[in-house]
There are 2 protein chains.
Amino acid sequence: MNIVLLSGGSGKRLWPLSNDIRSKQFIKIFKTENGEYESMVQRVYRQIKTVDADATVTIATSKTQVSTIHNQLGEDVGISVEPCRRDTFPAIVLATAYLHDVQGVGLEETVVVCPVDPYVNDDFFEALKALDEQAAKGEANLCLMGMEPTYPSEKYGYIIPKAQRGTEAQAAAFSLVDTFKEKPDEETAKSYIAQGALWNGGVFAYKLKYVLDKAHERIDFTDYADLFDKYRNLTKISFDYAVVEKEPKIQVMRFAGEWKDLGTWNTLTEAMDEPTIGDCVLNDVCDNVSVVNELNVPIVCMGLKDVIVSASPEGILVSDRKQSSYIKPIVDKIEQQIMFAEKSWGSFCVIDVDDKSLTIKVTLNPGHRMNYHSHQRRDEIWNVISGEGTVIVDGMEQPVKAGDVITMQAGCRHTVFAETELKMIEVQLGEEISVHDKQKFELEA
Amino acid sequence: MNIVLLSGGSGKRLWPLSNDIRSKQFIKIFKTENGEYESMVQRVYRQIKTVDADATVTIATSKTQVSTIHNQLGEDVGISVEPCRRDTFPAIVLATAYLHDVQGVGLEETVVVCPVDPYVNDDFFEALKALDEQAAKGEANLCLMGMEPTYPSEKYGYIIPKAQRGTEAQAAAFSLVDTFKEKPDEETAKSYIAQGALWNGGVFAYKLKYVLDKAHERIDFTDYADLFDKYRNLTKISFDYAVVEKEPKIQVMRFAGEWKDLGTWNTLTEAMDEPTIGDCVLNDVCDNVSVVNELNVPIVCMGLKDVIVSASPEGILVSDRKQSSYIKPIVDKIEQQIMFAEKSWGSFCVIDVDDKSLTIKVTLNPGHRMNYHSHQRRDEIWNVISGEGTVIVDGMEQPVKAGDVITMQAGCRHTVFAETELKMIEVQLGEEISVHDKQKFELEA
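Definitions and cut-offs
- Residues numbered from 1 in each chain as written.
- Chains lettered and ligands numbered in written order.
- Predicted model: local features only at pLDDT ≥ 70, side-chain atom pairs only at ≥ 80, totals over all residues.
- Heavy atoms only, no water.
- Helix = DSSP H or I, 4+ residues; strand = E, 2+ residues; numbered from the N terminus.
- Buried < 20%, exposed > 50% of the residue type's maximum accessible area, 1.4 Å probe, protein only.
- Contact = heavy atoms within 4.5 Å.
- Areas by Shrake-Rupley, 256 points an atom, 1.4 Å probe, with all protein chains shown as cover.
- Least-squares fit on C-alpha atoms with pLDDT ≥ 70 in both.
- Expected span 1.5 Å × (residues − 1).
- Core = buried A, V, L, I, M, F, W, Y, C linked by side-chain atoms within 4.5 Å.
- Buried area = accessible area lost by both parts, 1.4 Å probe.
- Salt bridge = Lys/Arg side-chain N within 4 Å of Asp/Glu carboxyl O.
- Polar contact = N/O pair within 3.5 Å; in protein donor to acceptor, adjacent residues only side chain to side chain.
- Pairing = 2+ DSSP bridges.
- pLDDT = per-residue confidence, 0-100.
- Phe/Tyr/Trp six-rings, centres within 6.5 Å; stacked < 30°, edge-to-face > 60°.
- Axes fitted to C-alpha atoms, helices over the stretch in contact; angles between N-to-C directions.
- Parallel < 35°, antiparallel > 145°, perpendicular 65-115°, else oblique.
- Left-handed = near helix turned anticlockwise from the far one by under 90°.

Caption draft 1: Focus on the overall build of chain A. Regarding its fold elements, chain A presents 11 helices and 30 strands. Projected onto its principal axes, the C-alpha positions of chain A cover 75 × 65 × 40 Å. Out of the 445 residues belonging to chain A, those deemed buried represent 55%. Counted over contacts in chain A with a minimum sequence separation of 6, partners at least 24 positions apart contribute 66%. For chain A, the exposed area adds up to about 19400 Å²; of that, 47% sits on carbon and sulfur atoms.

Have a look at this one:
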């Protein structure tokens, strides 16, 4: 199976765990059998590999997520990097061209597209295999998965199958699609459901050639590399609008298993295996309380009912469960610097902010190094607190270990290579400290 | 007026703002006219000075509070340091001896004793002056202030005056005391109040000689210095039990103004001038929510009702208002290292904890220095981030400013003197980092 997982952008609906640079699909919130926590993207990837060990997984995403994806999934996963966000049609075309030109997938081979973060069980991926096999038969140009609605939701588009509810045709796994409906109001949704309509969850399969053909109808490009170069100039358009709604030969497969979009604190915490993650104490009067604490100090909850508490280096949320879905406009107004970020080489966390200094804790993964770079307007001091590695400062190489201190004046070029996991306290000193004050250089061999 | 303010011990009833080393009376929670916040002790001290600019204020406290008291009240305030805690009789005797032998207060002069943290208006201190003047008349050996009860509280002792309720005698400012009653149950409290009883708030005045005489009856000592030396061996006994309840000649003054003990999060936040302190956002569905945030990241509250939220470097509390009074046993079980402390020279805050390192932010007040000291089992690195000063390392003096780095091996003696306010990021490195690993030395001139 060739699976393209669409990894959406960042957002603050799960603040303080998600923010401008940290997307919800990377939050480690699901307890695994070995007692560690995995993110939505790790969970989905593990499920795919359980159902189909040979599946080729490609994640279609922006550049900002590449480091985190490799940190969470390792180096084996394919990544189709979108140079900028251009909605789902360009993203799916780019990923399809990537599969063909970079991964060598044939024109007659099938591709399955799925969001990166559905909360589903293994049966969903079994159904995905069936969808893939159906696409291979070529009875239709597109095979969609339609989710059996559990309530008249206003947040999904609906698929009306030709096979009527309760008929023999409906009992068959696949049916032709009659029409697609935009996100309706609740009453309209009820009438759709009465007709046997299904949610459109953005899950579908096609033969690679089909999407490449559709792409060439709209976009003038030769191959993946050319498309990549032209990506910035493409028109923003959704795959549904550009392809699905115009295609007469579409089949839909009814899927009745669990399928959830964990997009709010309320839905996310409902899916947690335990009510709390991290250091916290709930007194026995608490009722229906969920806590996710990423800090290393305790959270104490007393006498709360239907409340969600979350703390990260970015801030603290305390919300009534239902209210939590209204978080976005509130946190969008909060201006704050990024306090935690994953990088290609590891991660950093801001631990002190002062007028003319910023102190961060840097963790480099073994075998990794940051870019060779300099800053114009700040000096830096590295205090190595654990691990071993090599620093390069203005071309001079030097081994470092816990206890070593490296001072770097503004303008001086520097990097550090981690042999083992390497942790440092980095003190930045300057009048105006900004993440944009950074020049990168090639490291001479 | 000679006022002795009894400053009680530490506790966790207001965790995470109070803990083993930080007492509730030092939490800065009351907004002043200039927009800054003051603590209970600062508020009371300011009120005393407003009513009686010449008042001599002495704070009876333990050694651990001395730094914080000087940081908050300056150097003018008198402090009677209890070598250890021995309940209120020894504490009041020691403070009285301190006033006589150190401050030169005469035997016939009066002393007023009051807790350090009542939440009162200026009229309370006007009443305190009246109490003091009454004690000077010598009609009784002790003059107590009795608080007009606002409800049948079970947490106060009661004073039954001889003057009956509604009589002419009761209308007079002072009445002789009939009896004292221990903390009653609610029904008994109601019957006391029906008799015109008053709360015993531990506020009273006496002539200095009276308490010294009582002291010599129970304790064999010559003067303040001698008493100080013997303090550790004194019997723990309350002033009420040792003196008040045995004294036949006591007058009580009825005080009907505001008088509150802000001992729980519920009472404390009710006294706050604004519902929130620090960086926080409440959505408009929040109702009766109080937030005290000492961290520099925002707290977002949504759809909460009757909830208190507080965050400090020690942890985060989220509690229903009424439940907040049950906090003590819960936080007593939490074992954690001290994350923030005020010292004689300034303060420190833990900003990172790792396996073999601890990173703290140190702020030295101008003109102050820490003890000359060394550690056996850890190296330290000072990263100066602002200010100017002088470090001494193994006897070698060196000026320092922002950007300077000082590395100190285990065993090396070191201190730093702050010329201006001086801030440093201190990285501690070692297998077992403990606050107890510290040897102090005299600094050679």
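Caption draft 2: Highlighting the relation of the copies chain B and chain A. Rotating chain B by 179° and translating it 0.1 Å along the rotation axis places it on chain A, where the RMSD comes to 0.1 Å. Both chain copies can therefore be described as sitting about a two-fold axis. Taking C-alpha positions as the reference, the residue of chain B nearest the rotation axis is Ile 351 of chain B, at 2.8 Å. When you check the interface residues of chain B against chain A, 100% turn up at the interface there too, and the contact is symmetric in its surfaces.

Caption draft 3: Geometry of the environment of Ala 418 of chain B. Residue and element names in this part refer to chain B. In this fold, Ala 418 is placed in strand β28 (residues 414-418). In the structure, Ala 418 is positioned 344 residues away from Gly 74 in sequence and 18 Å away in space, judged by C-alpha atoms. Residue contacts for Ala 418: discarding those within four places in its chain leaves Leu 364, Asn 365, Pro 366, Gly 367, His 368, Glu 388 and Gly 389.

Caption draft 4: Main features of helix α1 (residues 40-51) of chain B. Residue and element names in this part refer to chain B. Taking 1.5 Å per residue, 12 residues should reach 16 Å; α1 reaches 17 Å between its end C-alpha atoms and fits that length. Burial analysis of α1 places nine of its 12 residues in the buried class, which makes it a mostly covered element. Among the residues of α1, those classed as buried are Met 40, Val 41, Gln 42, Arg 43, Val 44, Tyr 45, Gln 47, Ile 48 and Val 51.

Caption draft 5: Region of interest: the nonpolar core. By size, the foremost hydrophobic cluster in this structure holds 45 residues, and its most contacted members are Leu 5, Phe 124, Leu 128, Leu 131 and Met 145 of chain B. For Leu 5 of chain B, the residues in contact, after removing those within four places along its chain, are Val 44, Ile 48, Val 57, Thr 58, Ile 59, Ala 60, Cys 114, Pro 115 and Val 116 of chain B. One finds Ile 48, Ile 79, Cys 143 and Met 145 of chain A within the second-largest nonpolar core, a separate group that totals 43 residues.

Caption draft 6: Focus on the interface of chain B and chain A. In this assembly, 52 residues from chain B lie in contact with 52 residues from chain A. Approximately 3900 Å² of surface area, both sides summed, lies buried where chain B meets chain A, with 69% of it carried by carbon and sulfur atoms. Of all residues in chain B, the largest losses of buried area upon contact with chain A belong to Met 302, Ile 316 and Val 318 of chain B, amounting jointly to 18% of the total for that side. At the surface where chain B touches chain A, the tally comes to six salt bridges. Salt-bridge contacts for Lys 361 of chain A lead to Asp 354 of chain B; the nearest nitrogen and oxygen are separated by 2.6 Å. The interface formed by chain B and chain A contains 19 residue pairs in polar contact (both at pLDDT 80 or more). Residue contributions to the side of chain B that touches chain A peak at six residues, all from strand β19 (residues 315-320) of chain B. In the sheet, strand β19 (residues 315-320) of chain A pairs with strand β17 (residues 299-302) of chain B via four bridges, with the strands oriented parallel. Bridge assignment links Leu 317 of chain A to a residue of β17 of chain B, and that residue is Val 300 of chain B.

Caption draft 7: Molecular detail of the pairing of strand β1 (residues 2-6) of chain B. All names here are of chain B. Most of β1 sits inside the fold, with five of its five residues counted as buried. On β1, burial covers both faces: Asn 2, Val 4 and Leu 6 on one face and Ile 3 and Leu 5 on the other are all buried. Bridging between β1 and strand β6 (residues 110-115) involves four bridges; their strand directions are parallel. Bridge pairing links Ile 3 to Val 112 in β6.

Caption draft 8: Region of the structure containing the sheet that holds strand β16 (residues 290-293) of chain B. Read from one edge to the other, the open sheet built from six strands follows the order β15(A)-β17(A)-β19(B)-β18(B)-β16(B)-β14(B), with strand pairing classed as mixed. Single-partner strands in this sheet number two, and they are β15 (280-282) of chain A together with β14 (276-277) of chain B. Both β15 of chain A and strand β17 (residues 299-302) of chain A contribute to a ladder of three bridges, which runs parallel. In the sheet register, Leu 282 of chain A faces β17 of chain A, and the bridge partner there is Cys 301 of chain A.

Caption draft 9: Spotlight on the side chain of Glu 247 of chain A. Residues and elements named next belong to chain A. Looking at the element boundaries, Glu 247 is found in the loop between α9 (239-242) and β12 (250-255). A distance of 3.0 Å separates the side chain of Glu 247 from the side chain of Asn 141, its partner in a polar contact. Residues in contact with Glu 247, not counting those within four places in the same chain, are Asn 141, Leu 142, Tyr 210 and Lys 214.

Caption draft 10: Expanded view of unusual backbone geometry. All names here are of chain A. Following Trp 15, the chain continues into Pro 16 via a peptide bond in cis, with omega recorded as 10°. As for its position among the elements, Pro 16 is in the loop between β1 (2-6) and β2 (30-31). The phi angle at Asp 394 is positive, at roughly 50°, despite the residue not being glycine. Relative to the assigned elements, Asp 394 resides in the loop between β25 (388-393) and β26 (396-401).

Caption draft 11: Representation of the environment of Val 203 of chain A within the structure. As for its placement among the helices and strands, Val 203 of chain A is situated in strand β11 (residues 198-207). When the C-alpha atoms of Val 203 of chain A and Met 145 of chain A are compared, they prove to be 5.5 Å apart, with 58 residues separating the residues in sequence.

Caption draft 12: How the structure looks around the confidence of the model for chain A. The pLDDT averaged across chain A works out to 93; a share of 98% of its residues lies at or above 70. Scoring the predicted complex yields pTM 0.87 and, for the interface, ipTM 0.87.

Caption draft 13: Just the pattern of salt bridges, in detail. All names here are of chain A. Enumeration according to the criterion identifies 50 salt bridges over all chains in this entry. Across the salt bridge formed by Glu 274 and Lys 31, the nearest N and O atoms sit 3.1 Å from each other. Of this pair, Glu 274 sits in the loop between α10 (265-270) and β14 (276-277) while Lys 31 is found in strand β2, placing the two residues 243 residues apart along the sequence. The partly exposed category is assigned to Lys 31, whose relative accessible area is 33%. Across the salt bridge formed by Asp 261 and Lys 155, the nearest N and O atoms sit 3.7 Å from each other. One end of the pair, Asp 261, is in strand β13 (residues 259-261); the other, Lys 155, is in the loop between β8 (142-147) and β9 (157-161), and 106 residues separate them in sequence. Since its relative accessible area comes to 27%, Asp 261 is described here as partly exposed. When salt bridges with common partners are traced through the structure, they connect Lys 24, Asp 117, Lys 155 and Asp 261 into a single cluster.

Caption draft 14: The arrangement of the packing of aromatic side chains in detail. All names here are of chain B. For the coordinates displayed, the defined rule picks out 28 aromatic pairs over all chains. Plain terms: the ring middles of Phe 124 and Phe 125 are 5.1 Å apart, the flat faces sit at 85° to each other, and that makes the pair edge-to-face. Judged by relative accessible area, Phe 124 falls into the buried class, the value being 0%. For Phe 125, a relative accessible area of 1% puts it in the buried group.

Caption draft 15: Looking closely at the packing of helix α3 (residues 88-101) of chain B against helix α7 (residues 208-218) of chain B. All names here are of chain B. For the pair α3 and α7, interaxial distance at closest approach is 10 Å and the crossing angle is 125°. In terms of orientation, α3 and α7 fall into the oblique class. Taken as a pair, α3 and α7 cross one another with a handedness that is left-handed. When α3 is examined against α7, the residues Phe 89, Ile 92, Val 93, Thr 96, Ala 97, Leu 99 and His 100 are found in contact with a partner set consisting of Leu 208, Val 211, Leu 212, Lys 214, Ala 215 and Arg 218.

Caption draft 16: Summary view of the pairing of strand β10 (residues 174-181) of chain A. All names here are of chain A. Judged from the four bridges that link them, β9 and β10 form a sheet pairing that is antiparallel. Bridge pairing in β10 places Pro 161 opposite Val 177. When β10 meets β12, the two strands line up antiparallel, connected through three bridges. Opposite Ser 175, over in β12, you have Val 252 as the bridge partner.

Caption draft 17: Layout of the sheet that holds strand β27 (residues 405-408) of chain B. Residues and elements named next belong to chain B. Strand order in the open sheet made by the six strands is β20-β21-β22-β29-β24-β27, with antiparallel pairing throughout. Only two strands of the sheet have a single neighbouring strand rather than two, namely β20 (340-343) and β27. Ignoring which end each strand starts from, the neighbouring axes of this sheet average 20° apart. Sheet topology note: the strand β21 (residues 346-354)/strand β22 (residues 357-364) ladder contains eight bridges and is antiparallel. From the neighbouring strand, Val 350 faces β22, where its bridge partner is Ile 360. This element, helix α2 (residues 66-73), spans β20 and β21 of the sheet and lies at about 75° to β20.

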